[in-house]
Amino acid sequence: MEFTEAYKQTGPCCFSPNSRYIAVAVDYRLVIRDTLSLKVVQLFSCLDKISYIEWALDSEYILCGLYKRPMIQAWSLTQPEWTCKIDEGPAGIAYARWSPDSRHILTTSEFQLRLTVWSLVNTACVHVQWPKHASKGISFTQDGKFAAICTRRDCKDYINLLSCHSWEIMGVFAVDTLDLADIEWSPDDSAIVIWDSPLEYKVLIYSPDGRCLFKYQAYESGLGVKSVSWSPCGQFLAVGSYDQMLRVLNHLTWKTFAEFMHLSTVRAPCSAAIFKEVDEPLQLDMSELCLDDDFMRGSDASDGHFKVRYEVMEVPITLPFQKPPADKPNPKQGIGLLSWSNDSQYICTRNDSMPTALWIWDIRHLELAAILVQKDPIRAAAWDPTCTRLVLCTGSSHLYMWTPSGAYCVSNPLPQFSITDLKWNSDGSCLLLKDKESFCCAAVPLLPESSDYSSDD
């Protein structure tokens, strides 16, 4: 892998959907860089510090959330002189997002008083009263024709279906939830999944016309659903719960066909490969070398650097486990991270009471494929959008990768660069790596058909 030099950032950074540009927030400035050369293509000055940025799907427009104001500013890459400013006045703005057509911006006011659809074409706006959430509770169909918006009135949750062409309400139906948590269209746009707050275990499948197709409840007592995700193929629905289990439903009968437990002790029989991160001091033999003092002062050995690698462990093995305190809210337990591979064959999970372990499940064979045991808690994990390759970071200077043929570690050569977050571009050729106040990019080689990687690549 090849790494670029580090560049300054003070907030969000993200690739454009067409992978050509990187948008970077630097205080009140929005810097647009070319992905290949990282040269500055455009520079926009906002009225306040940038809290949030989002690209339009056509990569032509980009919005900046200035939530301290609160205000939204939008910019055009093809027409740098064009500007847009959205200010809701006393109502404020809690969140903003693009519509699929890249010509409308949806904003949610403070205290969820209303959701407003702003047109960039004719400056018209449409209001939807009482949205349930600010950043959640809205989902668009894959074809971009319809939006499902959760609202709440008279102590009851509703789903509003809107046309993304005219923004007229096509239908409204009540849903059987106590306190709706979120909503998501299925990849084939045939169903809508809705799940309740953690206080009530309830996953509901609705058709677009408001019929309840299935109601799923794994148990009644205890905290319920923590994460939900459709597989890219649309055939599976994964539900992660506070009871530290992953359950997978099929799209034909909506029945559970797989239940995966995250136990702190892994015992035989277990066919999974268990990779544990270990480090070794660099052993440099300098007895026959003649080095000047300046080189010795800057050498890795003098800094006490370590080489990191994966060691394959045998079962039984006990994973680091943290028991959450019983007297505090929002316990760190259950499936907090849940992500499908692009081919829907694998799914990776993190049980928050074992934050240093990443579990990788094989859906085709319904078994555990691998466990990656890190030294530090896992900050982020993301699948390559083009092949079966998983990348994760833990806040260290290393990247960790897994493929079906093995796991390996990659050291970032930049000094004092701790990788706290990562993002793929859409064609899988580049990774965006974030530190606290800087970012860099890493060119990722194409994955060969049969890859035999060693941990010191």
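Predicted model, so just to flag it, every value in this text is computed and none were measured. (Residues numbered from 1 in each chain as written. Predicted model: local features only at pLDDT ≥ 70, side-chain atom pairs only at ≥ 80, totals over all residues. Heavy atoms only, no water.)

Let's talk about the pattern of salt bridges
Taken as a whole and assessed by the stated rule, the structure comprises 18 salt bridges. Close ionic contact of R389 with D384 constitutes a salt bridge, the shortest N to O distance being 3.0 Å. Side by side, R389 and D384 carry an identical accessibility label, which is buried. Taken together, the shared-partner salt bridges connect K132, R152, D157 and D179 into one network. (Salt bridge = Lys/Arg side-chain N within 4 Å of Asp/Glu carboxyl O. Buried < 20%, exposed > 50% of the residue type's maximum accessible area, 1.4 Å probe, protein only.)

So, the environment of F321
As for its placement among the helices and strands, F321 is situated in the loop between β30 (317-318) and β31 (335-340). The class of F321 is partly exposed, set by a relative accessible area of 42%. Sequence separation between F321 and V31 is 290 residues, and the spatial gap between their C-alpha atoms is 42 Å. Ignoring any residue separated from it by four or fewer positions in sequence, one finds F321 in contact with Q244, S264, S353 and M354. (Helix = DSSP H or I, 4+ residues; strand = E, 2+ residues; numbered from the N terminus. Contact = heavy atoms within 4.5 Å.)

Describing the confidence of the model for the chain
Segments scoring low in pLDDT should not have their predicted coordinates read at a detailed level. Per-residue confidence for the chain averages 92 on the pLDDT scale, and 93% of its residues sit at or above 70. The model gives residues 295-304 a pLDDT under 50, and that stretch makes 8 contacts with residues more than four places away or in other chains. Contacts for the low-pLDDT stretch residues 450-457, under 50 throughout, to residues beyond four places or in other chains number 13 contacts. (pLDDT = per-residue confidence, 0-100.)

A word on the packing of aromatic side chains
Within the structure shown, the criterion is met by 20 aromatic pairs. When the centroid spacing of 4.9 Å and the interplanar angle of 20° are considered together, the rings of F44 and W75 count as stacked. On the criterion of sequence distance, the pair formed by F44 in strand β6 (residues 40-45) and W75 in strand β9 (residues 71-76) is long-range, its members being 31 residues apart. F44 sits in the buried class, given a relative accessible area of 3%. A residue is classified by how much of its surface remains accessible, and W75, at 7% relative accessible area, is buried. Judged by centre distance (6.0 Å) and plane angle (75°), the ring pair of Y201 and Y216 falls under edge-to-face. In this pair, Y201 sits in the loop between β20 (192-196) and β21 (203-206) while Y216 sits in strand β22 (residues 212-216), placing the two residues 15 residues apart along the sequence. Like Y201, the residue Y216 is buried in the burial classification. In textbook terms, an aromatic cluster arises when at least three aromatic residues are bridged by ring pairs, as seen for Y52, Y67 and Y95. Above the ring of Y28, the side-chain terminus of R29 is found at 5.3 Å from the ring centroid. Directly above the aromatic system of Y158 lies the positively charged group of R153, at a separation of 4.0 Å from the ring centroid. (Phe/Tyr/Trp six-rings, centres within 6.5 Å; stacked < 30°, edge-to-face > 60°. Lys NZ or Arg CZ within 6 Å of the ring centre and 35° of its normal.)

So, the sheet that holds strand β16 (residues 146-153)
Spatially, the 4 strands line up as an open sheet ordered β15-β16-β17-β18, and their pairing is antiparallel. Edge strands, defined here as strands with exactly one partner in the open sheet, are β15 (138-140) and β18 (169-174). Shown here is a sheet whose adjacent strand axes are inclined to one another by a mean of 20°, direction ignored. (Pairing = 2+ DSSP bridges. Axes fitted to C-alpha atoms, helices over the stretch in contact; angles between N-to-C directions.)

Some thoughts on the state of the cysteines
Here the structure, examined in full by the defined rule, presents 0 disulfides. Cysteine C233 remains unbridged, with the sulfur of C348 as its closest cysteine sulfur at 16 Å. With relative accessibility at 39%, the residue C233 sits in the partly exposed group. Not engaged in a disulfide, the cysteine C409 finds its nearest cysteine sulfur in C393; these two sulfurs lie 13 Å apart. The class of C409 is buried, set by a relative accessible area of 3%. (Disulfide = S-S within 2.5 Å.)

Let's talk about the nonpolar core
Ranked by internal contacts, the top residues of the largest apolar core, which has 23 residues, are L246, V248, L319, I347, W359 and I371. Of all the secondary-structure elements, those providing two or more residues to this core are β24 (236-241), β25 (245-250), β26 (256-261), β31, β33 (357-362) and β34 (367-373). (Core = buried A, V, L, I, M, F, W, Y, C linked by side-chain atoms within 4.5 Å.)

Comments concerning a nonpolar patch on the surface
On the surface, F111, L113 and W130 cluster together into a nonpolar patch covering about 370 Å² of accessible area. Structurally, F111 can be placed in the loop between β12 (104-108) and β13 (114-119). On the basis of relative accessibility, which here comes to 72%, the residue F111 falls in the exposed class. (Patch = residues over 30% accessible without salt bridge, like charges linked within 9 Å, V, L, I, M, F, W, Y side chains within 5 Å. Areas by Shrake-Rupley, 256 points an atom, 1.4 Å probe, with all protein chains shown as cover.)

What about the layout of surface pockets?
If you add up the space inside the largest pocket, you get close to 1,600 Å³. Contributing to the lining of the largest pocket are 40 residues, with I138, S139, Q142, E184 and S229 lying nearest its centre. Elements supplying a minimum of two residues to the lining of the largest pocket: β7 (52-55), β11 (95-98), β15, β19 (180-185), β20, β23 (225-230), β31 and β35 (380-383). Residues of the lining of the largest pocket, tallied by class, amount to 23 nonpolar, 10 polar and 7 charged. (1 Å grid on protein atoms, 1.4 Å probe; cavity = no way out; pocket = protein on both sides within 12 Å on 5 of 7 lines; lining within 4 Å. Points joined across faces, edges and corners; volume = space filled by probe spheres on them. Nonpolar A, V, L, I, M, F, W, Y, C, P; charged D, E, K, R; others polar.)

Examining the side chain of S231
Positionally, S231 belongs in the loop between β23 and β24. Accessibility expressed as a relative area gives 1% for S231, which makes it buried. If we ignore the near neighbours within four places in the chain, the residues touching S231 are P187, F236, W340 and S344.

Quick look at unusual backbone geometry
P269 follows A268 through a cis peptide bond whose omega is 0°. Here P269 shows up in the loop between β27 (265-266) and β28 (273-281). Residue P316 follows V315 across a cis peptide bond; omega there is 0°. Mapping P316 onto the fold places it in the loop between β29 (306-313) and β30.

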